[in-house]
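Here are the chains, one letter per residue:
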Amino acid sequence: ADSLTFYLEDIDSSSWDAPPFHRAVRHFSDKAQKTPSHSFQYRLGNETETGLPPRTFDHVLIIDTYHHFVRREEMLNHVVGLLKPGGTIVVLEAIARKPADIHPGCRSRIFSQDDIIGEFRRHGMKLEKSRYAGKASGRSNYIFVFAADL
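The following paragraphs examine the structure supplied in this document. (Residues numbered from 1 in each chain as written. Predicted model: local features only at pLDDT ≥ 70, side-chain atom pairs only at ≥ 80, totals over all residues. Heavy atoms only, no water.)

1. Concerning the pattern of salt bridges
To be explicit about the condition: Salt bridges are identified by distance alone: a Lys or Arg side-chain nitrogen within 4 Å of an Asp or Glu carboxyl oxygen. We call a residue buried when its accessible area falls under 20% of the maximum for its residue type, exposed when it is over 50%, and partly exposed in between, using a 1.4 Å probe and counting protein chains only.
Scanning the model with the defined rule gives seven salt bridges in all. Across the salt bridge formed by Arg 71 and Glu 74, the nearest N and O atoms sit 3.2 Å from each other. For Arg 71, a relative accessible area of 39% translates into the label partly exposed. With a shortest N-O distance of 4.0 Å, Asp 101 and Arg 97 are connected by a salt bridge. Taking the relative accessible area as the measure of exposure, Asp 101 reaches 3% and is therefore buried.

2. Quick notes on the pairing of strand β3 (residues 57-63)
Note the threshold: In this scheme, strands are said to pair when DSSP sees at least two bridges between them. To qualify as a helix, a DSSP run of H or I must reach at least 4 residues; to qualify as a strand, a run of E must reach at least 2; elements of each kind are numbered from the N terminus. A crossover counts as right-handed when, viewed with the strands pointing away from the observer, the path leading from the first strand over the helix to the second turns clockwise.
In terms of strand pairing, β3 meets strand β4 (residues 83-94) through six bridges, oriented parallel. Bridging across to β4, Phe 57 finds its partner in Leu 83. Handedness of the β-α-β unit built from β3, helix α2 (residues 72-80) and β4 comes out right-handed.

3. Focus on the nonpolar core
For the record, the criterion: Residues belong to one nonpolar core when they are buried, are Ala, Val, Leu, Ile, Met, Phe, Trp, Tyr or Cys, and are joined through side-chain atoms within 4.5 Å. Between two residues, a contact is recorded if the distance between any of their heavy atoms is within 4.5 Å.
Judged by nonpolar contacts, the single largest core of 22 residues is most densely connected at Ile 62, Tyr 66, Ile 89, Phe 120 and Phe 146. Elements with a contribution of two residues or more to this core: β3, α2, β4, α3 (113-122) and β6 (139-148). Setting aside residues up to four positions removed in sequence, Phe 146 forms contacts with Gly 87, Thr 88, Ile 89, Val 91, Ile 116, Ile 117, Phe 120, Met 125, Lys 126, Leu 127 and Glu 128.

4. Some words on the environment of Leu 52
Examined against the element boundaries, Leu 52 turns out to sit in the loop between β2 (37-44) and β3. On a C-alpha basis, the gap between Leu 52 and Tyr 7 in space is 7.9 Å, while along the polypeptide they are 45 residues apart. Discounting residues that sit within four places of it in the chain, Leu 52 has contacts with Tyr 7, Glu 9, Arg 43, Phe 57, His 78 and Leu 82.

5. Re the side chain of Thr 88
We apply this condition: In protein, a polar contact requires one atom able to donate a hydrogen and another able to accept it; more generally it is a pair of N or O atoms within 3.5 Å, and residues adjacent in sequence count only if both atoms are side-chain atoms.
Turning to its location among the elements, Thr 88 is positioned in strand β4. With relative accessibility at 12%, the residue Thr 88 sits in the buried group. Looking at Thr 88, its side chain comes within polar contact range of the side chain of His 59, at 2.7 Å. Discounting residues that sit within four places of it in the chain, Thr 88 has contacts with Asp 58, His 59, Val 60, Leu 83, Val 145, Phe 146 and Ala 147.

6. Considerations on α3
All buried positions along α3 are accounted for by Ile 116, Ile 117, Gly 118, Glu 119 and Phe 120. On the buried face of α3, the contacting elements are β3, α2, β4, β5 (125-136) and β6. Two residues or fewer after α3 comes Gly 124, characterised by a positive phi angle close to 80°.

7. Considerations on the packing of aromatic side chains
Stated precisely, the cut-off is as follows: Centres within 6.5 Å are what make two rings of Phe, Tyr or Trp a pair, Trp counting through its six-membered ring; a difference in plane orientation under 30 degrees is then read as stacked, over 60 as edge-to-face, and the rest as tilted. A ring is scored as having a charge over it whenever the NZ atom of a lysine or the CZ atom of an arginine sits within 6 Å of its centre and within 35 degrees of its normal.
This structure, assessed with the given rule, holds seven aromatic pairs. Grouping aromatic residues by their ring pairs yields a cluster made of Tyr 66, Phe 69, Phe 111, Phe 120, Tyr 132, Tyr 142, Phe 144 and Phe 146. Across the ring face of Tyr 66, the terminal group of Arg 72 is positioned such that the distance to the ring centre comes to 4.9 Å.

8. Focus on α2
Formally: What the arc covers is the set of directions going from the helix axis to the C-beta atoms.
For α2, the set of buried residues is Arg 72, Met 75, Leu 76, His 78 and Val 79. Looking straight down α2, one finds its buried side chains confined to an arc of 160°; they lie on one side. Turning to α2, the residues buried within the fold contact β3, β4 and α3.

9. Regarding the sheet that holds β6
Condition: For every element, the axis is a line fit to its C-alpha atoms; helices are fit only across the contacting stretch, and the angle between N-to-C directions ranges from 0 to 180 degrees.
Across the sheet, which stays open at both edges, the four strands sit in the order β3-β4-β6-β5 with mixed pairing between neighbours. A single partner strand is all that each edge strand has here, and the edge strands are β3 and β5. Looking at each pair of strands side by side, their axes are set apart by 15° on average, direction ignored. In this sheet, β6 lies alongside β4 in antiparallel orientation, the contact comprising seven bridges. Bridge pairing in β6 links Ile 89 to Phe 146.

Take a look at the structure:
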């Protein structure tokens, strides 16, 4: 892509930090062997919605955030509604080693692969692929790619 717009959403504006996203842009620019133009749009959401425009996105990334969704049902309904037809949701998440496992950093409950996949299936999404993405804080991380189950 020659031009990328990153929409960064959080329910707490004090956590907005652009440098990690600039590193990601540099990474993908290097892979494409060209420098895309890019912009960042910051949005303040809440526990049930992002404040992002519906039916707008080809891809929605949920990076180390799924376990923070307090009102998971409402948030996933909203996130699925952000996708354009044919869009995907990509989730990078630490995986529970046992039931009711706790994330060592934030102390939130983390979930098994089956929990995550099942939740997205209940929201009309099918698992396209998943893969191991390394360890952090002693937990295995996985990337899941979900697409609308038409």
